[in-house]
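Coordinates in review
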Amino acid sequence: MTSMSRARVARRIAAGAAYGGGGIGLAGAAAVGLVLAEVQLAKRAVGNGTAPFAPSADGLYGSGYAPGGDPPLRLLLLGDSTAAGQGVRRAGQTPGALLASGLAAVAERPVELRNVALPGATSDDLERQVALALADSRRVPDICVIMVGANDVTHRMPPTRSVRCLATAVRRLRTAGAEVVVGTCPDLGTIEPVQQPLRWLARRVSRQLAAAQTIGVVEQGGRTVSLGDLLGPEFAANPRELFGPDSYHPSAEGYATAAMAVLPTVCAALGLWPAEEERPDVSRREGFLPVARAAAEAASEAGTEVAAAMPSGPRGPWALLKRRRRRRVGEAEPSPTSPSGV
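Keep in mind it's a predicted model, so treat the numbers as computed, not measured. (Residues numbered from 1 in each chain as written. Predicted model: local features only at pLDDT ≥ 70, side-chain atom pairs only at ≥ 80, totals over all residues. Heavy atoms only, no water.)

Regarding its fold elements, the protein presents 12 helices and 9 strands. By residue count, 54% of the 342 residues in the protein fall in the buried class. Counting only contacts in the protein whose residues sit at least 6 apart along the sequence, the fraction spanning at least 24 positions is 79%. Surface accessibility of the protein: about 14200 Å² in total, with carbon and sulfur atoms responsible for 54%. (Helix = DSSP H or I, 4+ residues; strand = E, 2+ residues; numbered from the N terminus. Buried < 20%, exposed > 50% of the residue type's maximum accessible area, 1.4 Å probe, protein only. Contact = heavy atoms within 4.5 Å. Areas by Shrake-Rupley, 256 points an atom, 1.4 Å probe, with all protein chains shown as cover.)

Another point: the pairing of strand 3 (residues 111–115). One ladder, built from 3 bridges, connects strand 1 (residues 59–61) with strand 3; its direction is antiparallel. In the strand pairing of strand 3, Leu60 is matched with Glu112. Here strand 2 (residues 73–79) runs beside strand 3; their pairing, made up of 5 bridges, is parallel. The residue of strand 3 that forms the bridge with Leu76 is Arg114. (Pairing = 2+ DSSP bridges.)

Remark: a regular strand shows side chains that alternate across the two faces of the sheet. The element strand 5 (residues 179–183) is extensively covered by neighbouring structure, given that 4 of its 5 residues are classed as buried. The pairing of strand 4 (residues 143–147) with strand 5 spans 5 bridges and is parallel. Bridging from a neighbouring strand, Val145 pairs with Val181 of strand 5. Two elements, strand 5 and strand 6 (residues 223–225), share 3 bridges in a ladder whose sense is parallel. Residue Gly183 lies in a different strand from strand 6, and its bridge partner there is Val225.

You can see Ser123 is positioned in the loop between strand 3 and helix 5 (126–133). Of note is the side chain of Ser123, whose polar atom sits 2.6 Å from the side chain of Asp152. Those residues in contact with Ser123 that lie beyond four places of it in its chain are Val148, Asp152, Met157, Ser162 and Cys165. (Polar contact = N/O pair within 3.5 Å; in protein donor to acceptor, adjacent residues only side chain to side chain.)

As a further point, take helix 11 (residues 252–269). Between the first and last C-alpha of helix 11 there are 25 Å, a value that for 18 residues agrees with the 26 Å anticipated at 1.5 Å per step. At Val262, helix 11 shows its strongest bend, of approximately 30°, with the proline Pro264 following within four residues. With 14 of 18 residues buried, helix 11 is to be regarded as a mostly interior element. Trailing helix 11 by a residue or two, Gly271 shows a phi angle of about 75°, which is positive. (Expected span 1.5 Å × (residues − 1). Bend = angle between axes of the 7 residues up to and from the residue.)

On to unusual backbone geometry. Backbone phi values are negative for most residues with the exception of glycine, while trans is the configuration of most peptide bonds. Not every positive phi belongs to a glycine, and Glu108 is a case in point at roughly 50°. By the secondary structure assignment, Glu108 is in the loop between helix 4 (95–107) and strand 3. Even without glycine at this site, Arg285 takes up a positive phi of about 60°. Tracing the sequence through the fold places Arg285 in the loop between helix 11 and strand 7 (287–290). Assessed through its relative accessible area of 10%, Arg285 is described here as buried.

Next up on the list: the packing of helix 4 against helix 11. Where helix 4 meets helix 11, the closest approach of the two axes is 9 Å, and the angle between their N-to-C directions is 40°. In terms of their interaxial angle, helix 4 and helix 11 are classed as oblique. Remark: the crossing between helix 4 and helix 11 carries right-handed chirality. The segment helix 4 lies against helix 11, with Pro95, Leu98, Leu99, Gly102, Leu103 and Val106 engaging Tyr255, Ala256, Ala259, Met260, Val262, Leu263, Val266 and Cys267. For the contact of helix 4 with helix 11, a count of residues per class yields 13 nonpolar, 1 polar and no charged. (Axes fitted to C-alpha atoms, helices over the stretch in contact; angles between N-to-C directions. Parallel < 35°, antiparallel > 145°, perpendicular 65-115°, else oblique. Left-handed = near helix turned anticlockwise from the far one by under 90°. Nonpolar A, V, L, I, M, F, W, Y, C, P; charged D, E, K, R; others polar.)

Next up on the list: the nonpolar core. Counting residues in hydrophobic clusters, the biggest one holds 28 residues, and the most contacted among them are Leu75, Leu99, Leu103, Val145 and Val262. The set of elements that each furnish at least two residues to this core consists of strand 2, helix 3 (81–84), helix 4, strand 3, strand 4 and helix 11. Those residues within four positions of Leu103 in sequence are excluded, and the remaining contacts are Leu73, Val111, Ile143, Leu263, Val266, Cys267, Leu270 and Leu272. (Core = buried A, V, L, I, M, F, W, Y, C linked by side-chain atoms within 4.5 Å.)

Moving on to the environment of Ala307. Mapping Ala307 onto the fold places it in strand 8 (residues 305–310). Residues Ala307 and Leu320, spaced 13 residues apart in sequence, show a C-alpha to C-alpha distance of 5.3 Å. Setting aside residues no more than four positions away along its own chain, Ala307 makes contact with Val218, Arg223, Ala319 and Leu320.

On to the pattern of salt bridges, then. Counted according to the given criterion, the structure contains 11 salt bridges. Notably, a salt bridge pairs Glu179 with Arg174, separated by 3.6 Å at the nearest N-O pair. A salt bridge links Glu297 to Arg293, with the nearest nitrogen and oxygen atoms 3.1 Å apart. Of this pair, Glu297 and Arg293 both sit in helix 12 (residues 291–300), 4 residues apart, which is roughly one turn of the helix. An identical accessibility class is assigned to Glu297 and Arg293; each is buried. (Salt bridge = Lys/Arg side-chain N within 4 Å of Asp/Glu carboxyl O.)

Shown next as structure tokens:
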């Protein structure tokens, strides 16, 4: 699917979410039916993993920074098993712990981590998780990271409902005063037991939902980071290294890859990133785009950030697309085709 057609589909899904529609499909009813049938077979082959419960990583990180100075930054994780860190055995290997440690190092300030994510959760569980997060008005998080979407696909949640639930959660958190970063739906087409044609269909469905999520999140004042790398190209190339023992959830190295893709956006949302990094870099194909086009571009390349830029433009709201993730030496660069507006 081309970037333009993905943008059109994402725009329709997001519009349906905003105005109460519910019947817009992702890849067509017949295709989704095939995906779901084969996903159930893949799930039975994968199983639930060797670590059914995610280790608790809640607590204070970077306690050695600025003793007696500023109070700790409050970091909250919400979402599904990806946010919870299912698949690893040690708390320090979870994405929450990795993000908290990284944020403390950048901010040179302690970070208090709380994780309310639930393995197996779909986007409609975010209402409960947000309620937990905001139960104490005196302890509103400074920054919230949400990772959700994979279970929405496998549980047949209508995409409009999925995006609506996510957008509502972002709006509630932003209204309470928290910054919000969302890791969008990962690429389900790279789960090891999954075979063709499910791989192609799962990738298409995942990217369509990720793009629609981006539109809904940005419209509510949040930022998104494409998590294609979480179950994406690097996982396909290095499955034994980046998948966990269950071949479904990421390994410790996989979670580290995802956390490091999200960390720069978390820092930017809190105003901790260098000012020169905030300017679009034309050589990295960064720039301002209509939000639907930016969402589609981001869904095609993991580690790409989308943030609100202008509330209106020639083709509706515009967003800033940033490729903050630094590529490793020897890693292939993406297609050189520049998005319009850069």
